[in-house]
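Survey of secondary and tertiary structure
Each chain, written out:
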Amino acid sequence: MPPTTDYIRHAARLARKIQLDAALGGAPAPDAEFYKTLAKAFEEIAAGLELVAKRD
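Residues numbered from 1 in each chain as written. Predicted model: local features only at pLDDT ≥ 70, side-chain atom pairs only at ≥ 80, totals over all residues. Heavy atoms only, no water.

**Regarding the pattern of salt bridges**
- All told, the structure shown has 1 salt bridge when counted by the stated rule.
- Among the salt bridges present, the one from D21 reaches K17, with a minimum N-O distance of 3.2 Å. Here K17 and D21 lie together in helix α1 (residues 6-23), a separation of 4 residues that amounts to about one turn. (Salt bridge = Lys/Arg side-chain N within 4 Å of Asp/Glu carboxyl O. Helix = DSSP H or I, 4+ residues; strand = E, 2+ residues; numbered from the N terminus.)

Below you can see the structure in the form of structure tokens.
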């Protein structure tokens, strides 16, 4: 079973939104949702790496 990537993709979308807002003249300001999603994404990455390590 492959690891889930929902939060990883969501964090990437939020990061792109922050970058686009900054490019349009706004101040890059990650909010609480961004940090919460980023933390969940890191958890998914860690779980995926542990899964891969167990297979070897």
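**Examining α1**
- Across its 18 residues, α1 extends 26 Å between first and last C-alpha, which sits within 8% of the 26 Å expected from 1.5 Å per residue.
- Regarding α1, the residues found buried are A11, L14 and I18. Each buried residue of α1 lies within a common arc of 65° when the element is viewed along its axis, so the set occupies one face. What points out from α1, more than 90 degrees from its buried face, is the exposed set D6, R9, R16, Q19 and A23.
- Where α1 is buried, its residues meet α2 (32-55).
- Count one or two residues on from α1 and you reach G25, which has phi positive near 105°. (Expected span 1.5 Å × (residues − 1). Buried < 20%, exposed > 50% of the residue type's maximum accessible area, 1.4 Å probe, protein only. Arc of directions from axis to C-beta. Contact = heavy atoms within 4.5 Å.)

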